[in-house]
Amino acid sequence: MNVQTLRPLAAEFVGTALFVFLGAGSVVANAASGNALGVLGTALAHGVGLAIIVTMTMAISGGHINPAVSVALWLAKKIDSRTLGLYVVAQLVGAIVGALLVRAFFPAGASRVTSLGTPQLSGTLGLFDGIALEALMTFFLTSAVFGTAVSPQAPKVGGFGIGLAVFVCALTGGALTGAAMNPARAFGPALVAWDWHGQAVYWIGPVLGAAVAAALWKYVLLPRDVTDLT
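Residues numbered from 1 in each chain as written. Predicted model: local features only at pLDDT ≥ 70, side-chain atom pairs only at ≥ 80, totals over all residues. Heavy atoms only, no water.

Across the interface, helix α1 (residues 3-32) lies against helix α2 (residues 38-61) with an axial gap of 9 Å and an inter-helix angle of 170 degrees. Relative to α2, the element α1 is oriented roughly antiparallel. Of the residues that constitute the contact of α1 with α2, the class distribution is 12 nonpolar, 10 polar and 2 charged. (Axes fitted to C-alpha atoms, helices over the stretch in contact; angles between N-to-C directions. Helix = DSSP H or I, 4+ residues; strand = E, 2+ residues; numbered from the N terminus. Parallel < 35°, antiparallel > 145°, perpendicular 65-115°, else oblique. Nonpolar A, V, L, I, M, F, W, Y, C, P; charged D, E, K, R; others polar.)

Pasting the structure below:
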């Protein structure tokens, strides 16, 4: 594996590790501080953190930081199957490392209570309700990716449109599903904490929502001359 292959994989690994550390860490910190951060604080940690991470990795790997986003770009023929597989592995391993960092540096009690910031499905929602909500929010997030980063007509805002999408969705759905919209964000903390409650929600929902967004952008919203793999 040459340097040109390793650079984007390293970017996806480091970016996802940082995102899980910041996002899951904010959930643990909120519990440790008696809800001092609140929903707004954890939403900001996720949204602003991701905005910076996507911006800093965009020129190297495209700044996916999310297996669902990678699947969407594969479906839209923006990346090939090999790149998809390598990116997803890098993202999942990065998520595990991010969760291990949370366990190492945050209070043990709060880490245990929150399962290291693992997204949790509200007791008011059933499995299919959770999947539908995660799918809808990921559709919005993936549309932000296509509209602000993939399209050649996109405004030059780096990853901040994507981060704002995460912030808004975290405010809207955070109390109901954790607003993961990202299988890696759910997987890393769940594995390290060994808490698999509702894990299917955070795989099926995001991949479904990302796939629908990919189809919409590939066949309708993207300029026709940029829809093929380059």
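Core analysis: the largest hydrophobic core is formed by 44 residues, its most contacted members being Leu50, Ile65, Leu141, Phe146, Ile162 and Met181. Those elements that place two or more of their residues in this core are α1, α2, α3 (67-75), α4 (81-105), α6 (127-150), α7 (160-177), α8 (183-193) and α9 (201-221). Every residue in contact with Leu141, bar those within four places of it in the chain, is listed here: Asn66, Ile162, Ala165, Val166 and Met181. Residues Leu121, Ile131, Ala180 and Ala186 belong to the second largest nonpolar core, which totals 7 residues. (Core = buried A, V, L, I, M, F, W, Y, C linked by side-chain atoms within 4.5 Å. Buried < 20%, exposed > 50% of the residue type's maximum accessible area, 1.4 Å probe, protein only. Contact = heavy atoms within 4.5 Å.)

Summarising the element assignment, Asn182 is placed in the loop between α7 and α8. On the basis of relative accessible area, Asn182 is assigned to the buried category, the value being 3%. A polar contact of 2.9 Å, which involves the side chain of Asn182, links it to the backbone oxygen of Ile65. Apart from residues no more than four positions distant in its own chain, Asn182 is found in contact with Phe19, Ile65, Asn66, Pro67, Tyr202 and Pro206. (Polar contact = N/O pair within 3.5 Å; in protein donor to acceptor, adjacent residues only side chain to side chain.)

Along the polypeptide, Glu134 turns up in helix α6. Of the residues examined, Glu134 reaches a relative accessible area of 0% and is grouped as buried. For the pair Glu134 and Ala170, spaced 36 residues apart in sequence, the C-alpha separation works out to 11 Å. Excluding anything up to four places from it in sequence, Glu134 contacts Thr177, Ala179, Ala180, Met181, Val201, Tyr202, Gly205 and Pro206.

Attention now goes to empty space enclosed by the protein. Summed over all chains, the structure comprises 1 cavity of 30 Å³ or more. Size it by volume and the largest cavity reaches roughly 40 Å³. Around the largest cavity, the lining residues are Phe19, Leu50, Asn66, Leu141, Val166, Ala180, Met181 and Asn182. Of the residues that constitute the lining of the largest cavity, the class distribution is 6 nonpolar, 2 polar and no charged. (1 Å grid on protein atoms, 1.4 Å probe; cavity = no way out; pocket = protein on both sides within 12 Å on 5 of 7 lines; lining within 4 Å. Points joined across faces, edges and corners; volume = space filled by probe spheres on them.)

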